[in-house]
Amino acid sequence: MSSAPSSETFAAAAAGVVAMARYAGERRWVPATSGNFSVRIDERLAAVTATGADKAHLTEADVIAAEISGPKHPRASAEAPLHLVRYAADPSIGAIAHIHTLPATLLSRRHEAEGVLRLQGWELLKAFSGVKTHEAVLDIPIVPNDQDTDRLAVLVEERLKAAGPVPGYLIAGHGLYVWGATARDAIRHMEAFDFLLTAELHEENAR
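Residues numbered from 1 in each chain as written. Predicted model: local features only at pLDDT ≥ 70, side-chain atom pairs only at ≥ 80, totals over all residues. Heavy atoms only, no water.

### As for the overall build of the chain
The condition is simple: Under the DSSP-based scheme used, a helix requires at least four consecutive residues in state H or I and a strand at least two consecutive residues in state E, with every element numbered from the N terminus. For the radius of gyration, the atoms used are the C-alpha atoms, and the globule rule reads 2.2 Å times the number of residues raised to 0.38. We call a residue buried when its accessible area falls under 20% of the maximum for its residue type, exposed when it is over 50%, and partly exposed in between, using a 1.4 Å probe and counting protein chains only.
A count of helical and extended segments in the chain gives five helices and eight strands. Of the regular secondary structure in the chain, the N- to C-terminal order runs α-β-β-β-α-β-α-β-β-α-β-β-α. Taking 2.2 N^0.38 as the reference for a compact globule, 207 residues should give roughly 17 Å; the C-alpha atoms of the chain span a radius of gyration of 16 Å, in line with that estimate. The principal-axis extent of the C-alpha atoms belonging to the chain is close to 55 × 35 × 30 Å. Here the chain holds 207 residues, and 51% of them are scored as buried.

Here it is, written out as structure tokens:
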């Protein structure tokens, strides 16, 4: 059986990838071609940004169909495993975004030794799927950076399994990974994280 998706199915997933990437690019969350975005196509495949693509000006030609559990695509970026392993671990995830906002990067370094960044008391926590009250406490895992992304993906999944339900995680000195059931959800979660982490950074700096 061929692993290739239909052109219509791929185009729909790629459109979600492009929408996330351009949204992030307009807000300068993916400087210097950084960041990665993906949308699940089905249980076997995900549409993922290709290596070296300028995310702020992404087109469908910059998106590939990668196997979630299979050989590496020749155009896959080094960070593709961090997307694909998430899809394999959680069938409810339909889209993943990786961005490099300044607050995420700074806070990930500041709290690396603790291994977690606690978010609580903020009304905008309710922007995350499943969160119903500002009284919720979200402990966002922070994992150490590693250029071996296959090894890093395994560590991430170990930390997420121990953490319980969270909408994303931080890589120390690197950036933020966030996900949702759809590309629209992932965009909302990106924006919520940007506001919350900016607020957290200002509050910490004022203490």
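### What about the packing of helix H1 (residues 7–26) against helix H5 (residues 183–206)?
Test applied: To get an axis, a line is fitted to the C-alpha atoms, and for a helix only the part in contact is used. The angle between two axes follows their N-to-C directions and goes from 0 to 180 degrees. Each angle gets one of four labels, with under 35 degrees taken as roughly parallel, over 145 as roughly antiparallel, 65 to 115 as roughly perpendicular, and the rest as oblique. Put simply, a crossing is left-handed when the front helix is turned counterclockwise from the back one by less than a right angle, and right-handed when it is turned clockwise. In what follows, residue pairs with any heavy atoms lying within 4.5 Å of each other are defined as contacts.
Interaxial distance between H1 and H5 falls to 9 Å at its minimum, and their mutual angle equals 15 degrees. With respect to their mutual orientation, H1 and H5 come out roughly parallel. The interaxial crossing formed by H1 with H5 has right-handed handedness. Residue-level inspection shows Gly16, Ala19, Met20, Tyr23 and Ala24 of H1 in contact with H5, the latter providing Ala183, Ala186, Ile187, Met190 and Glu191.

### Quick word on the side chain of Glu200
We count it as follows: This count recognises Lys and Arg as positive and Asp and Glu as negative, with His and chain-terminal groups excluded. Salt-bridge detection follows one rule: a side-chain nitrogen of Lys or Arg within 4 Å of a carboxyl oxygen of Asp or Glu.
Mapped onto the elements, Glu200 comes out in helix H5. Despite its burial, Glu200 pairs with no opposite charge, the nearest such side chain being Arg207 at 4.2 Å. Once residues within four sequence positions are removed from consideration, Glu200 is found in contact with Leu107, Leu117, Arg118, Leu119, Trp122 and Arg207.

### Describing unusual backbone geometry
Of note, Ala32 is a non-glycine position whose phi angle comes to about 55 degrees, a positive value. By secondary structure assignment, the location of Ala32 is in the loop between H1 and strand E1 (36–40). Under the relative-accessibility criterion, Ala32 is labelled exposed at 75%. With a phi angle near 65 degrees, Thr33 is a residue other than glycine that sits in the positive phi range. The topology assignment puts Thr33 in the loop between H1 and E1.

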